[in-house]
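Take a look at the letters that make up each chain.
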Amino acid sequence: MIKRVLLWTMILALVIGMALSGYIGLTLWRAHGGVPDWDGSFEVTGLDGPVEILRDGNGVPHLFASSERDALFAQGFVHAQDRLWQMALNRQTLSGRLSEWMGPLALHSDRVSRILGHSEMAERLWAQFPADERELLEVYAAGVNAWLESPEFKRPPEMVILHVRPERWRPEDSFIVYRGVHQVLSGYGQEPASARYALLAEHVDALDMINTSNQPVPTIIPPVDDTSLQPALPGKERGFSNSWLVSGAHTASGLPLLANDPQLPATLPNLWYLVHSSVDGQSVVGAGLPGIPGVGIGHNGRIAWGVTNAMIDVNDIALIETHPDDEGRFRRGPGEPWQAFETRSEQIRVRFGRDQTEVVQVTPDGLMLPRRLLSSPLTDLAQAEAEFRFHGLDQDTSIAAILRLNRAKSVADAIDALSAFSGPPLNFSIADIEGRIGYLAAARIPDRPVEHATTVGFWPEDGNARRYLPAEANPRLIDPVPGRIVTANQRIVGDEYPHYLSDSWAPADRAWRIHELLDQRPAHDLDSFQAMQNDRLSAVARRLVPLLLAVEAADPADQALVDLLANWDFRFDPESSAPTVFLTWYEMLVRAIVEPRIGPRLPTNRSLHYGNIEAALNGERPEWCQAESDDPRDCAALLALTLNQARMALEQGLGADLSDWRWAAAGRLHMPHLGFAGLPLLDGWFSRLTPFPGGPESLFTNDIDAATAPVFHRAIFNSSLQAVYDLGDLERARFAMAGGQSGHFRSPFYDNLTAALIQGERFEIPVDPALIQPTGRILLRPSAPARD
């Protein structure tokens, strides 16, 4: 009897296993199909007239329409065709509803998003959005839904695998997606780093570890004495985006040249999406974000514009004390009166689990984000919690500003359009075909006490008294005398500027390198600007390697590494082994110098500490070479020790042959899929691993996480989109992008552009239909008679 039960149990288990395997196999087989067809004719509701969509050989759509609203309808249509998963995932994540798809795995993310209130804010912003642009968001959403309602609609493979279906797109959803842009790019200045380092400190000098640069800074706006330098503020933040613009006096064409590289993580699909939109012969060409109408970076035949992160501090963190006996009350420090939180309950549906409730506690100035949801605490006071104050989001008209910018015909028009840009704070560099060049730090910049902006502490209530600088007070430049504008996340303006912007900027390495390369030629052209974007020289390595070469190697095998670095040109080229040696040795130094001072919880981004290593080795802070104050070891001994550790790690991880340490093998970048990265099996299908040139603070940026030395598969930021424009011939503008236009992992346009980017190649996006070699043609026809 027992044998029979066991036999039937085994048979049942086998049947269930086979059925489950067959079901999984069928689902995965279905996911392989469903690549949208780029040919066809569609009758849709919401158009005034027909729109023709041509896809070129790179997968870039060219939209030919008779009105702006029809062009934006078509943009919504192609965004949904190519990037619906990305759009829906961003909406689901920022709305705090990802657990409905991913189950408990996404619960932490949902709790944070519900507290931040992206959906509620989007509803408020939509209600007050300018009427003219309101209609344009409506037609964009109608274009998205036209694809969803099309008989040719195919669910993205990720939705097939997860067994979920898309919801209709609402105009408000564009604001939800844009809130994600704020979340990534809006800065806090020094506050979070200072608070966390103070808590992690095991030595009194731990806070010095965020002072990573003492270089003089070539500010974006030259000071009044016409010199280009200002005393440095500590470079505590990491920002990665480059733009340089020169007037016609410095170009072969006699008109301005602009280069832009708005560096963000190279994901699959790419965060950017390229498009050409033509309305009665007037074109807009460039990159935008799926889920948001318009072109954020590009040209319109009259002007060209690029952006970088301005690094302006627009968010604050204060401490509030919660009542020990009443969790619904708080006060702003000892002796202050107790106040009641405004609360709301958020119900979170959890797939494969129990639904959860998150109680959100709001103050007159911001909201409380409990320490249980923070990656690391900001205070060790028992009853204190962090109050996050987000400035400038209550009246966000940035999408309207971008749509107006797309119509601008001059630098002056562009700056006027950007007066409505609320944030995140961006440096806009602009040029027009009349030869003008200009710059604007675009954002609603808060006007508040400096101490509130630079320190986490118990601060009084701001409440309804929040103030912002008038738009005309934002830093700007028109036709500067030097004839160039360089933005690389460095300090914007000197001490003569009367308002607080930030106490934390990116180091000046890339800004200096741009100026250095601009000085090497009297007249630049598209080729020279493209070569600058492809520059792989690491300014960090150029500063640090001479300090490393002071080592006295204790082993001949170690000396081989020193000899390799001594003959290195500091370029992170794929066939060179020196980059691998440099970063591995650097990582060993970080572990020896930084970790003893801030404890084992190092920041994931090791590039925060290049300045610390430099200060220790150049004699500025030699005591940092000692693990403890009574440690007799000096920097010379530490160099020899860490060099040996680096060699041992390299041999263990990559083998004893130096030729096997080539950057092409060690620096294979993991391009993570949005949604499935890190998941067994799915990550291998949807993500990609590819050699990626460039290194720390090179213009072709590859901000590598050195913690995994001697192999380096993770980058915080890198060059994922590049563009160069000659205002003498904007139709010859050149572009490059990581990944591809399609979000479908089986599409030939999923990652077809990566190889060209890595090899330094560019492509044009023609505006003349006769020059487009289409790989697909779609005709959108209105289903009802055109409106009067």
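Residues numbered from 1 in each chain as written. Predicted model: local features only at pLDDT ≥ 70, side-chain atom pairs only at ≥ 80, totals over all residues. Heavy atoms only, no water.

### Looking at empty space enclosed by the protein
One pass over the full model with this rule turns up 8 cavities of 30 Å³ or more. If you go around the largest cavity, you meet 17 residues; those closest to its centre are Gln 81, Asp 82, Pro 156, Pro 157 and His 744. It is helix α2 (residues 68-94) that contributes the most residues to the lining of the largest cavity, 6 residues altogether. Residue composition of the lining of the largest cavity, by class: 7 nonpolar, 5 polar and 5 charged. (1 Å grid on protein atoms, 1.4 Å probe; cavity = no way out; pocket = protein on both sides within 12 Å on 5 of 7 lines; lining within 4 Å. Points joined across faces, edges and corners; volume = space filled by probe spheres on them. Helix = DSSP H or I, 4+ residues; strand = E, 2+ residues; numbered from the N terminus. Nonpolar A, V, L, I, M, F, W, Y, C, P; charged D, E, K, R; others polar.)

### Observations regarding the pairing of strand β6 (residues 242-246)
Summarising burial for β6: 5 of the 5 residues are buried, a large majority. Across the two faces of β6 the burial is the same, with Asn 242, Trp 244 and Val 246 and Ser 243 and Leu 245 all buried. Summarising the sheet, β6 and strand β7 (residues 257-261) pair through 5 bridges and their orientation is antiparallel. In the strand pairing of β7, Leu 245 is matched with Leu 258. Both β6 and strand β22 (residues 484-487) contribute to a ladder of 4 bridges, which runs antiparallel. Considered in β22, the bridge of Trp 244 is made with Val 486. (Buried < 20%, exposed > 50% of the residue type's maximum accessible area, 1.4 Å probe, protein only. Pairing = 2+ DSSP bridges.)

### Looking at the pairing of strand β8 (residues 273-279)
The two faces of the sheet receive side chains in turn, since in a regular strand these alternate between them. Buried residues dominate β8, accounting for 6 of its 7 residues. Strand direction decides the pairing type here: strand β3 (residues 61-65) and β8, joined by 4 bridges, are parallel. Residue pairing for β8: His 62 is matched across the bridge by His 276. Here β8 runs beside strand β9 (residues 282-288); their pairing, made up of 7 bridges, is antiparallel. Each bridged residue has a counterpart across the sheet, and for Val 279 the counterpart in β9 is Gln 282.

### Quick notes on the packing of aromatic side chains
Any two aromatic rings considered together are summarised by their centre-to-centre distance and by the angle between their planes. Using the criterion set out here, one finds 25 aromatic pairs in the structure. Between Phe 129 and Phe 175 the ring centres are 5.0 Å apart and the planes differ by 80 degrees, which places this aromatic pair in the edge-to-face class. You can see Phe 129 sitting in the loop between α5 (118-127) and α6 (131-148) and its partner Phe 175 sitting in helix α8 (residues 171-185), a full 46 residues away along the chain. For the pair formed by Phe 129 and Phe 175, the shared burial category is buried. With centroids separated by 5.9 Å and ring planes inclined at 85 degrees, the aromatic side chains of Tyr 725 and Phe 735 adopt a geometry described as edge-to-face. Separated by 10 residues along the polypeptide, Tyr 725 in strand β27 (residues 721-726) and Phe 735 in strand β28 (residues 734-737) bring together distant segments of the chain. Its relative accessible area of 0% is what places Tyr 725 among the buried residues. (Phe/Tyr/Trp six-rings, centres within 6.5 Å; stacked < 30°, edge-to-face > 60°.)

### Describing helix α4 (residues 107-116)
In terms of burial, α4 is largely enclosed, as 8 of its 10 residues are buried. Burial in α4 covers these residues: Leu 107, Asp 110, Arg 111, Val 112, Ser 113, Arg 114, Ile 115 and Leu 116. Downstream of α4 by a residue or two, Gly 117 has a phi angle that is positive, lying close to 70 degrees.

### Regarding the sheet that holds strand β20 (residues 437-442)
Pairing in this open sheet of 11 strands is mixed, and the strands run β1-β30-β2-β3-β8-β9-β10-β11-β19-β20-β21 from one edge to the other. Strands at the two margins of the open sheet, each flanked by one partner only, are β1 (40-44) and β21 (476-478). Sheet twist, expressed as the mean angle between neighbouring strand axes with direction ignored, is 15 degrees. Where strand β2 (residues 51-55) meets strand β30 (residues 776-782), 5 bridges bridge the pair, whose relative direction is antiparallel. Residue pairing in the sheet places Glu 52 in a bridge with Leu 779 of β30. (Axes fitted to C-alpha atoms, helices over the stretch in contact; angles between N-to-C directions.)

### A short note on the layout of surface pockets
Put simply, the second largest pocket is a space of about 720 Å³. The wall of the second largest pocket is formed by 25 residues, among which Met 121, Arg 124, Val 362, Gly 366 and Arg 466 lie closest to the centre. For the lining of the second largest pocket, the elements supplying multiple residues, two or more each, are α4, α5, β15 (342-348) and β16 (356-362). The greatest single-element share of the lining of the second largest pocket, amounting to 4 residues, is contributed by α5. Its residues placed into classes, the lining of the second largest pocket shows 10 nonpolar, 7 polar and 8 charged.

### Re the state of the cysteines
Counted according to the given criterion, the structure contains 1 disulfide. At a sulfur-sulfur separation of 1.9 Å, the disulfide partner of Cys 625 is Cys 635. Of note, the bridge from Cys 625 to Cys 635 carries an S-S torsion of about 95 degrees and is right-handed in sense. You can see Cys 625 sitting in the loop between α19 (610-617) and α20 (635-654) and its partner Cys 635 sitting in helix α20, a full 10 residues away along the chain. Exposure class is identical for Cys 625 and Cys 635. Each is buried. (Disulfide = S-S within 2.5 Å.)

### Let's talk about the packing of α5 against α8
At a closest axis distance of 8 Å, the pairing of α5 and α8 adopts a crossing angle of 120 degrees. The angle between α5 and α8 places the two elements in the oblique class. Handedness of the crossing formed by α5 with α8: right-handed. Contact with α5, carried on its side by His 118, Ser 119, Met 121, Ala 122, Glu 123, Leu 125 and Trp 126, involves Pro 171, Glu 172, Phe 175, Ile 176, Arg 179 and Gln 183 of α8 and no other residues of that element. Class assignment for the residues of the contact of α5 with α8 results in 7 nonpolar, 3 polar and 3 charged. (Parallel < 35°, antiparallel > 145°, perpendicular 65-115°, else oblique. Left-handed = near helix turned anticlockwise from the far one by under 90°. Contact = heavy atoms within 4.5 Å.)

### Here's the deal with the confidence of the model for the chain
Counting all residues, the mean pLDDT for the chain is 89, and 89% of those residues have values of 70 or more. Long-range and interchain partners of residues 226-237, a stretch whose pLDDT sits below 50, account for 53 contacts in this model, where long-range means more than four residues apart. (pLDDT = per-residue confidence, 0-100.)

### Focus on the nonpolar core
If you look at the biggest cluster of nonpolar residues, it comprises 112 residues, and the most contacted ones within it are Phe 428, Ile 492 and Leu 780. Sorting elements by how many residues they give to this core places α2 first, with 10 residues. Every residue in contact with Leu 780, bar those within four places of it in the chain, is listed here: Phe 42, Val 44, Leu 47, Gly 49, Pro 50, Val 51, Ile 53, Phe 73, Ala 74 and Phe 77. Among the nonpolar cores identified, the runner-up in size contains 51 residues, and Leu 537, Leu 544, Leu 548 and Ala 592 belong to it. (Core = buried A, V, L, I, M, F, W, Y, C linked by side-chain atoms within 4.5 Å.)

### With respect to the environment of Ser 241
Within the element layout of this structure, Ser 241 appears in the loop between β5 (229-230) and β6. Relative accessible area serves as the criterion here: at 4%, Ser 241 is assigned to the buried category. Placed 19 residues apart in sequence, Ser 241 and Asn 260 show a C-alpha to C-alpha distance of 7.8 Å. Not counting residues within four places of it along the chain, the set of residues in contact with Ser 241 comprises Asp 261, Pro 262, Gln 263, Thr 308, Asn 309, Thr 487, Ala 488, Asn 489 and Arg 510. Side-chain polar atoms of Ser 241 contact the side chain of Asn 489, separated by 2.8 Å. (Polar contact = N/O pair within 3.5 Å; in protein donor to acceptor, adjacent residues only side chain to side chain.)

### Remarks on the pattern of salt bridges
What the rule picks out here adds up to 50 salt bridges. Close ionic contact of Asp 48 with Arg 69 constitutes a salt bridge, the shortest N to O distance being 3.2 Å. Within this pair, whereas Asp 48 is found in the loop between β1 and β2, its partner Arg 69 is found in helix α2, the two being separated by 21 residues in sequence. Arg 349 is the salt-bridge partner of Glu 100, the closest N and O atoms lying 3.9 Å from each other. Separated by 249 residues along the polypeptide, Glu 100 in helix α3 (residues 99-102) and Arg 349 in the loop between β15 and β16 bring together distant segments of the chain. (Salt bridge = Lys/Arg side-chain N within 4 Å of Asp/Glu carboxyl O.)

### Notes on unusual backbone geometry
That bond from Leu 268 to Pro 269 is cis: its omega, -5 degrees, falls within 30 degrees of zero. Summarising the element assignment, Pro 269 is placed in the loop between β7 and β8. Cis geometry is found at the peptide bond from Ala 709 to Pro 710, where omega equals 15 degrees. Mapped onto the elements of the fold, Pro 710 is located in the loop between β25 (702-704) and β26 (715-718). A positive phi is found at Asn 489, a non-glycine position, where the angle reads about 70 degrees. Inspection of the secondary structure assignment puts Asn 489 in the loop between β22 and α13 (509-518).

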